[in-house]
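Survey of secondary and tertiary structure
Here are the chains, one letter per residue:
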Amino acid sequence: MTTRGKFISFEGIDGAGKSTHIGFVKDFLESRAKTVVSSREPGGTPLGEKLRDLLLHEKMHLETEALLMFASRREHMAQVIEPALNAGSWVLSDRFTDASFAYQSGGRGMDRGKMEALEAWVHPHLQPDLTLLFDVPLAVARERLDATRTLDKFEQEQDEFFARCRAEYLRRAAQFPARFAVIDSTRSIDETQARIGAVLETLL
Ligand SMILES: Nc1ncnc2c1ncn2[C@@H]1O[C@H](COP(=O)(O)OP(=O)(O)O)[C@@H](O)[C@H]1O
Ligand SMILES: Cc1cn([C@H]2C[C@H](O)[C@@H](COP(=O)(O)OP(=O)(O)O)O2)c(=O)[nH]c1=O
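Since we're looking at a predicted model, the values are computed, not measured. (Residues numbered from 1 in each chain as written. Chains lettered and ligands numbered in written order. Predicted model: local features only at pLDDT ≥ 70, side-chain atom pairs only at ≥ 80, totals over all residues.)

Some details on the site of ligand 2
Not every one of the 15 residues close to ligand 2 is listed here, only the nearest: Met69, Ala99, Ser100, Tyr103 and Phe154. Among the elements that line the shell around ligand 2, the one with the most residues is helix H4 (residues 97–107), at four residues. When the residues that make up the shell around ligand 2 are grouped by side-chain class, the tally is five nonpolar, three polar and seven charged. (Near = placed C-beta within 6 Å. Helix = DSSP H or I, 4+ residues; strand = E, 2+ residues; numbered from the N terminus. Nonpolar A, V, L, I, M, F, W, Y, C, P; charged D, E, K, R; others polar.)

Written as structure tokens, this is what we have:
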């Protein structure tokens, strides 16, 4: 019988450095003979990528935004996450439901009870085995973002928005300490990856 793979989500406010480390984690796991599937939310499937385009560029009601995030997630679970885990692969997802709590509840102020209801409805059993939360002060994230790219709808939000997102991420980490590893992402890339490696060893 195939051993089910493990599910790792990557979280943090925009500019925290999460995308930088996904390739490192993939290489780390492959060097230990794991099969790895990397994906992202919103997106990760053809339909999800269409939803991502809408979500990142169109203004909409905050509950519409939350529902489309979960629509993308439902498709992602059905098409990518569950089949890969069942086949024994490890799944790396650039964001999962903690991002909906951080951005739609924390950032935009959507009722947290409704968010918990969506989570319980869409994935009552599935949770990441590990969530790497890349944590940085807003000023550091902002500096990294400004240096690199054209900003999408979320990245154009004000500092107070990201302060609320960061606080909600840290609240979720405190609520679920067994699956969260909070990574101080102000350190150099090498130092950060040494810390990630140590966390990954505990999952192998
Ligand atoms: N620890 C770090 N130290 C310095 N710069 C970093 C660090 N981590 C990431 N960066 C840089 O910050 C920018 C944003 O990183 P990225 O991984 O795209 O963030 P995110 O995916 O969290 O939005 C990139 O230019 C990246 O090279
Ligand atoms: C998954 C998810 C993402 N988001 C937002 C956070 C990000 O600003 C944006 C896209 O995420 P991300 O892939 O991190 O953007 P980038 O490729 O620019 O690094 O979507 C939510 O608001 N709610 C969610 O549930």
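Focus: the site of ligand 1
The environment of ligand 1 is made up of 15 residues, and the closest members are Gly17, Lys18, Ser19, Thr20 and Arg144. Elements with a contribution of two residues or more to the shell around ligand 1: helix H1 (18–30), helix H6 (138–148) and helix H8 (189–201). In terms of residue count, the dominant contributor to the shell around ligand 1 is H1 (three residues). Across the shell around ligand 1, the residue classes break down as two nonpolar, nine polar and four charged.

A closer look at the UniProt feature "binding site: ATP" (unreviewed entry) in the protein chain
According to UniProt, the feature "binding site: ATP" (unreviewed entry) maps to Gly12, Ile13, Asp14, Gly15, Ala16, Gly17, Lys18 and Ser19 in the numbering used here. Secondary-structure assignment places Asp14 in the loop between strand E1 (7–11) and H1. Not counting residues within four places of it along the chain, the set of residues in contact with Asp14 comprises Ala141, Leu145, Phe154 and Glu155. Tracing the backbone shows Ser19 in helix H1. (UniProt positions renumbered as here; feature names shortened; annotations may be inferred. Contact = placed C-beta atoms within 7 Å.)

Some points on the environment of Gly43
For Gly43, the location among the structural elements is in the loop between strand E2 (36–40) and helix H2 (46–57). The spacing of Gly43 and Leu55 is twelve residues in sequence and 10.0 Å in space, taken between C-alpha atoms. Ignoring sequence-local partners within four residues, the contact set of Gly43 consists of Gly48, Glu49, Arg52 and Ser72.

Quick word on the sheet that holds strand E4 (residues 130–135)
Strand order in the open sheet formed by five strands is E2-E3-E1-E4-E5, with parallel pairing between adjacent strands. Since the sheet does not close on itself, it has two edges, and those belong to E2 and strand E5 (180–184), each with one partner. Ignoring strand direction, the axes of neighbouring strands in this sheet form an average angle of 20°. Judged from the five bridges that link them, E2 and strand E3 (residues 90–94) form a sheet pairing that is parallel. Its bridge partner lying in E3, Ser39 is registered against Ser93. Of the strands in this sheet, E1, E2, E3 and E4 are in contact with H1, which crosses E3 at around 175°. (Pairing = 2+ DSSP bridges. Axes fitted to C-alpha atoms, helices over the stretch in contact; angles between N-to-C directions.)

Some thoughts on the pairing of E4
Across the six residues of E4, six count as buried, placing the element largely inside the fold. The side-chain alternation of E4 yields two buried faces, one formed by Leu130, Leu132 and Phe134 and the other by Thr131, Leu133 and Asp135. Alignment of E1 against E4, held across four bridges, turns out to be parallel. If you follow Ser9 over to E4, its bridge partner there is Thr131. In this sheet, E5 lies alongside E4 in parallel orientation, the contact comprising five bridges. Among the inter-strand pairings, Leu132 is bridged to a residue of E5, identified as Ala181. (Buried ≥ 20, exposed ≤ 12 C-beta atoms within 10 Å, placed from the backbone.)

Some thoughts on the packing of H1 against H8
Between H1 and H8, the least distance of the axes is 11 Å, while the angle of their chain directions is 45°. Here H1 is positioned oblique relative to H8, judged by the angle of their axes. Our pair here, H1 against H8, has a crossing hand that is right-handed. Within the contact between the two elements, H1 uses Thr20, His21, Phe24, Val25 and Phe28 and H8 uses Ile189, Thr192, Gln193, Ile196, Gly197 and Leu200. For the contact of H1 with H8, the per-class residue count stands at six nonpolar, five polar and no charged. (Parallel < 35°, antiparallel > 145°, perpendicular 65-115°, else oblique. Left-handed = near helix turned anticlockwise from the far one by under 90°.)

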